[in-house]
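Chain by chain, the residues:
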Amino acid sequence: MAGKTKSGISRKQAARAGRTEAAEVDHHAGVPNEAADASAAVQFSIGSRLRSIRKMKGLTLDVLADQIGLTKGYLSKVETGQKVPPIATLARVAHALQIDVATLLQSEKGAEKAVNTGVSLIRANERHEVVRGGTAFGYDYQALAHHIDSKHMEPFIFTFPAQILREVLFEHEGEELIFVLSGKVEFQIGEEIYELSPGDCIYFDSSIPHRGRGLKGDAKAIVVICPTATSR
């Protein structure tokens, strides 16, 4: 059985988090100025919201970083908009802060709607909550229900790139569903590799290391993350 760090995460997970941090590159490189500016704005928005919630919860950078198995320096870069972690890491951050992942992505307007209603309607032209270059791993994603707090699901539209960092896999508590919309996806879960076409759907335990990439170009899919009851 893998050992645990003092924060309760496994040493294996902590080591993988360290490799994930080390593997990050500048995902604005080669991106048109307008797209890079928009991505940077989203990064800063997520970081600013994270810092605000962390302080509201009375947690220091050191404590939060230890709880989620990241370094203080990396978390500081997230808060200042220099880094955007992948969804798997955002899920760990949200778990530690006892909030939904989408709470870190939603706009202030979205936060107000979440308080006043139990319904989130996102029109096709309103999917502006975009993180480009998936946090340096190539994934683009859009939150689809960011107006609702305390959800049992976290739905997104993902774009899987054809090129990914080979050494990076993701894992987080709960379950995950992927429904391919366009293109073909090569998806790895543990040691198994699956080729998914439009209309294909795969559901799996997301604590198993996983990753995906587009075959013959980018591919789009609906991705639904379902945290376990203990992690919500």
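Every value quoted in this text rests on a predicted model; they were computed, and no experiment measured them. Counting restarts for each chain, with residues numbered from 1 along the sequence as it is written. Side-chain atom pairs in this predicted model are given and counted only at pLDDT of 80 or more, local residue features only at pLDDT of at least 70, and totals for whole chains, interfaces and linings cover all residues. By convention in this description, side-chain values take in all heavy atoms of the structure and omit both hydrogens and water.

Engineer: I'd love a proper account of helix H5 (residues 87-97), names of residues and values included.
Structural biologist: Taken across its eleven residues, H5 has eight buried, putting it largely inside the fold. Throughout, exposure labels follow a simple rule: accessible area from a 1.4 Å probe, protein chains only, divided by the maximum for the residue type, with under 20% read as buried, over 50% as exposed, and the rest as partly exposed. Under the DSSP-based scheme used, a helix requires at least four consecutive residues in state H or I and a strand at least two consecutive residues in state E, with every element numbered from the N terminus. If you check which residues of H5 are buried, you get Ile-87, Ala-88, Thr-89, Leu-90, Ala-91, Val-93, Ala-94 and Leu-97. A positive phi of about 60° marks Gln-98, the residue just after H5.

Engineer: Before we move on, could you go through the packing of aromatic side chains and cite the residues and values that matter?
Structural biologist: Working definition: a ring pair exists when centres of Phe, Tyr or Trp rings (six-membered ring for Trp) sit within 6.5 Å. Plane angles under 30 degrees give stacked, over 60 give edge-to-face, the rest tilted. Scanning the model with the defined rule gives four aromatic pairs in all. Consider the rings of Phe-158 and Phe-160, whose centres lie 5.8 Å apart with planes at 40°: the pair is tilted. Take Phe-158 and Phe-160: they sit in the same class, and that class is buried. Ring centres of Phe-160 and Phe-187 lie 6.2 Å apart, and the angle between their planes is 85°; this geometry places the pair in the edge-to-face category. One end of the pair, Phe-160, is in strand S3 (residues 154-160); the other, Phe-187, is in strand S4 (residues 175-189), and 27 residues separate them in sequence. Judged by relative accessible area, Phe-160 falls into the buried class, the value being 2%. Each residue in the set Phe-156, Phe-158, Phe-160, Phe-187 and Phe-204 is aromatic and connected to the rest through ring pairs, giving one cluster.

Engineer: Describe the packing of helix H3 (residues 61-68) against helix H4 (residues 72-79), and please don't skip the residues or the numbers.
Structural biologist: Inter-axis angles, ranging from 0 to 180 degrees, are taken between N-to-C directions of lines fitted to C-alpha atoms, where helices are fitted over the stretch in contact. At their nearest, the axes of H3 and H4 sit 9 Å apart, and the two run at 110° to each other. One way to sum up the angle between H3 and H4 is to call them roughly perpendicular. Residues Leu-61, Asp-62, Leu-64, Ala-65 and Ile-68 of H3 form the contact with H4, whose participating residues are Lys-72, Leu-75, Ser-76 and Glu-79. In the scheme used here, Gly and all other residues not listed as nonpolar or charged are polar, with Ala, Val, Leu, Ile, Met, Phe, Trp, Tyr, Cys and Pro taken as nonpolar and Asp, Glu, Lys and Arg as charged. Split into classes, the residues belonging to the contact of H3 with H4 amount to five nonpolar, one polar and three charged. When an angle is under 35 degrees it counts as roughly parallel; over 145 it counts as roughly antiparallel; between 65 and 115 it counts as roughly perpendicular; any other value is oblique. Should any heavy atoms of two residues lie within 4.5 Å, those residues are considered in contact.

Engineer: Could you give an account of the pattern of salt bridges, with specific residues and numbers?
Structural biologist: A carboxyl oxygen of Asp or Glu within 4 Å of a side-chain nitrogen of Lys or Arg is what we treat as a salt bridge. With the rule as written, the count across this model stands at four salt bridges. A salt bridge links Arg-54 to Glu-79; the shortest N-O distance between them is 2.6 Å. Taken together, the positions of Arg-54 in helix H2 (residues 33-56) and Glu-79 in helix H4 put the pair 25 residues apart, joining distant regions of the chain. Given the relative accessible area of 3%, Glu-79 is considered buried. Here Asp-62 makes a salt bridge to Lys-72, at a shortest N to O gap of 3.5 Å. Of this pair, Asp-62 sits in helix H3 while Lys-72 sits in helix H4, placing them ten residues apart in sequence. On the basis of relative accessibility, which here comes to 42%, the residue Lys-72 falls in the partly exposed class.

Engineer: If you had to explain the environment of Leu-64 to someone new, which residues and values would you point to?
Structural biologist: Structurally, the position occupied by Leu-64 is in helix H3. The exposure class of Leu-64 is buried, given its relative accessible area of 0%. On a C-alpha basis, the gap between Leu-64 and Arg-54 in space is 7.9 Å, while along the polypeptide they are ten residues apart. Those residues in contact with Leu-64, other than ones at most four positions away along the chain, are Leu-50, Arg-54, Leu-59, Leu-75, Ala-96 and Leu-97.

Engineer: An account of the pairing of S4 is requested, with residue identities and associated values reported.
Structural biologist: Of the strand pairs in this sheet, S4 and strand S6 (residues 201-205) are connected by five bridges, and their pairing is antiparallel. Residue pairing for S6: Glu-176 is matched across the bridge by Phe-204. Any two strands are treated as partners once DSSP identifies two or more bridges connecting them. By the bridge criterion, 13 bridges tie S4 to strand S7 (residues 210-226) in an arrangement that is antiparallel. Paired with Ser-182 across the two strands is Lys-220, which belongs to S7. If you look at the hairpin formed by S4 and strand S5 (residues 192-196), you'll find two residues sitting between the two strands, and Gly-190 has a positive phi there, around 65°.

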